[in-house]
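# Residue-level structural notes
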Amino acid sequence: MQPDFRGPDFRGHVSLTQYLIEEQRRHGAINADLRLLIEVVARACKRISIAIGKGALGGVLGEAGTGNVQGEAQKKLDVISNEILLEANAWGGHLAACASEEMADPYPIPDVYPKGNYLLLFDPLDGSSNIDVNISVGTIFSVLRCPEGVTHPTEKDFLQPGTRQVAAGYCVYGPSTLLVLTTGHGVNVFTLDREVGSFRLTRANATIPEDTSEFAVNMSNQRYWEAPMQRYVADLLAGKAGPRGRDFNMRWVASMVADVHRILTRGGIFIYPLDEKVKSNGGKLRLMYEANPMSFIVEQAGGAATTGRSRILDVQPTQLHQRVPVFLGSKHEVETAAKYHTDANQTTQV
Ligand code: P6P
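Residues numbered from 1 in each chain as written. Predicted model: local features only at pLDDT ≥ 70, side-chain atom pairs only at ≥ 80, totals over all residues. Heavy atoms only, no water.

Time to look at empty space enclosed by the protein. Evaluated as defined, the whole model comprises two cavities of 30 Å³ or more. Its volume calculated, the largest cavity comes out at about 40 Å³. In this structure, the largest cavity is lined by E226, M229, P273, L274, T307, R309, P325, F327 and H341. Split into classes, the residues belonging to the lining of the largest cavity amount to five nonpolar, two polar and two charged. As a volume, the second largest cavity reaches approximately 30 Å³. Lining the second largest cavity are Y19, E23, L181, T182, T183, H185, G186 and N188. (1 Å grid on protein atoms, 1.4 Å probe; cavity = no way out; pocket = protein on both sides within 12 Å on 5 of 7 lines; lining within 4 Å. Points joined across faces, edges and corners; volume = space filled by probe spheres on them. Nonpolar A, V, L, I, M, F, W, Y, C, P; charged D, E, K, R; others polar.)

What follows is the structure, encoded as structure tokens:
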């Protein structure tokens with residue numbers, strides 16, 4: 001009987017490589033190319049973690065003096081992280097192209113290298129506005145299959161709904177550096193062992209509690225929210241005396257990776273709703289390399305993820321950098337928040 005590396009006996013002793021080989025050999029869940037892709041991304045995240053860890057001593061803090069396709073000023077580490085991921089993934093022969101929050105167009109694998117069957121999308125450094133104040137940030141990635149027969153993918157080849165993801169993950173650069181990964185068979189958490197330089201399995205089959213008393217939202221946007229969101233949060237804030245019958249706590253790191261990891265660890269609901277400020281853009285968070293990978297992970301951990309009106313993973317993308325409203329986390333709480341919106345829709349339709 002082959003060992004089950006997800007068992008409690010193996011916690012902390014199983015490397016990411018051993019785990020991925022087990023997934024390939026025993027479960028047939030991944031193939032050699034996808035295993036290589038995940039290992040290459042993990043190695044790139046290790047390099048990003050080292051760069052971040054140097055902080056002021058590495059001369060990597062502050063603005064890069066450039067802007068990205070989102071119209072945001074880039075931090076030096078945004079650019080460095082993006083370059084690390086592009087360079088790491090160029091030569092392995094596992095990818096056809098990459099797409100990044102930091103680049104307007106997809107990045108085709110140079111013709112000098114062999115091409116593979118996967119498309120990699122990433123936010124190289126999510127929450128980078130927190131870098132200069134030493135708060136946790138992260139890398140988010142999503143993996144799609146390249147359409148059959150396409151050797152030079154363009155934007156339209158990336159426009160696949162989140163249900164087509166074959167893998168997704170994030171690396172959170174916090175007090176410890178953690179890699180959180182799903183290949184569609186649950187969610188596993190790996191901690192970077194800096195002395196050895198490898199990720200070790202530290203939490204197998206992570207699940208999100210179905211109920212919570214903790215919500216994450218940027219309250220300073222309250223005056224811009226739609227009516228259902230106003231009502232939902234007002235009921236949370238009313239606490240024990242209100243319709244929810246219990247008190248709620250609030251957290252907002254302004255780093256999606258950090259907020260989502262807290263929710264993966266102890267439950268909660270993360271919300272970036274449609275509001276008057278972001279309505280013209282369709283929302284704040286990007287679908288392809290923020291909402292979709294995080295939704296895949298959250299659903300694989302037993303949680304839920306919706307735009308408030310529909311399942312995020314079902315959204316058919318129309319643009320590479322399109323944005324969506326996001327409600328994700330503890331299943332029952334996400335369903336409750338969504339009901340405020342669907343009830344409002346029915347009322348307005350009457
Ligand atoms: P706000 C970071 O820029 C980000 O994309 C997410 O990581 C984070 O949840 C959100 O934006 C924070 O937005 O409007 O609170 O600064």
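The structure having been displayed, the exposition proceeds.
Examined at the domain level, the protein chain breaks down into domain 1 (8-203) and domain 2 (214-349). On a C-alpha basis, the centroid separation for the pair domain 1 and domain 2 is 24 Å. Of the roughly 2900 Å² buried between domain 1 and domain 2 on both sides combined, carbon and sulfur atoms contribute 62%. For domain 1, the biggest contributors to the area lost against domain 2 are I140, L159 and Y170; these three give 19% of the whole. Between the two partners, domain 1 and domain 2, sit two salt bridges. In this structure, R286 and E72 form a salt bridge, with 3.1 Å as the shortest nitrogen-oxygen distance. Our enumeration of links across domain 1 and domain 2 arrives at 17 residue pairs in polar contact (both at pLDDT 80 or more). Contributions of two or more residues to the side of domain 1 that touches domain 2 are made by strand 3 (95-100), strand 5 (118-126), strand 6 (137-145), helix 4 (155-158), strand 7 (167-173), strand 8 (177-182) and strand 9 (187-193). Ranked by the residues each element gives to the side of domain 1 that touches domain 2, the list is headed by strand 6, at seven residues. Looking at the side of domain 1 that touches domain 2, its residues break down into 25 nonpolar, 18 polar and six charged. (Domains from an automatic or database assignment. Buried area = accessible area lost by both parts, 1.4 Å probe. Salt bridge = Lys/Arg side-chain N within 4 Å of Asp/Glu carboxyl O. Polar contact = N/O pair within 3.5 Å; in protein donor to acceptor, adjacent residues only side chain to side chain. Helix = DSSP H or I, 4+ residues; strand = E, 2+ residues; numbered from the N terminus.)

The next thing to look at is the sheet that holds strand 9. An order of 4-3-5-6-7-8-9-10 is seen for the eight strands of this open sheet, with the pairing classed as mixed. For this open sheet the edge positions go to strand 4 (107-108) and strand 10 (198-203), each flanked by a neighbour on one side alone. By the bridge criterion, seven bridges tie strand 6 to strand 7 in an arrangement that is antiparallel. Paired with V143 across the strands is A167, a residue of strand 7. Across the sheet, helix 2 (residues 32-54) lies against strand 3, strand 5, strand 6, strand 7, strand 8, strand 9 and strand 10, angled at about 15° from strand 5, the strand it touches most. (Pairing = 2+ DSSP bridges. Contact = heavy atoms within 4.5 Å. Axes fitted to C-alpha atoms, helices over the stretch in contact; angles between N-to-C directions.)

Attention now moves to the packing of aromatic side chains. Per the stated rule, a full pass over the model turns up four aromatic pairs. An aromatic cluster of three or more residues is present, and its members are W252, F270 and Y272. (Phe/Tyr/Trp six-rings, centres within 6.5 Å; stacked < 30°, edge-to-face > 60°.)

Turning next to the side chain of T183. Among the structural elements, T183 can be located in the loop between strand 8 and strand 9. The class for T183 is buried, based on a relative accessible area of 10%. (Buried < 20%, exposed > 50% of the residue type's maximum accessible area, 1.4 Å probe, protein only.)

Following the criterion strictly, the structure yields zero disulfides and no others. A disulfide-free cysteine, C98 has its sulfur positioned 12 Å from the sulfur of C146, the nearest such atom. The exposure class of C98 is buried, given its relative accessible area of 0%. C171 takes part in no disulfide bond, and the closest cysteine sulfur, belonging to C45, lies 4.2 Å away. For C171, a relative accessible area of 0% corresponds to the buried category. (Disulfide = S-S within 2.5 Å.)

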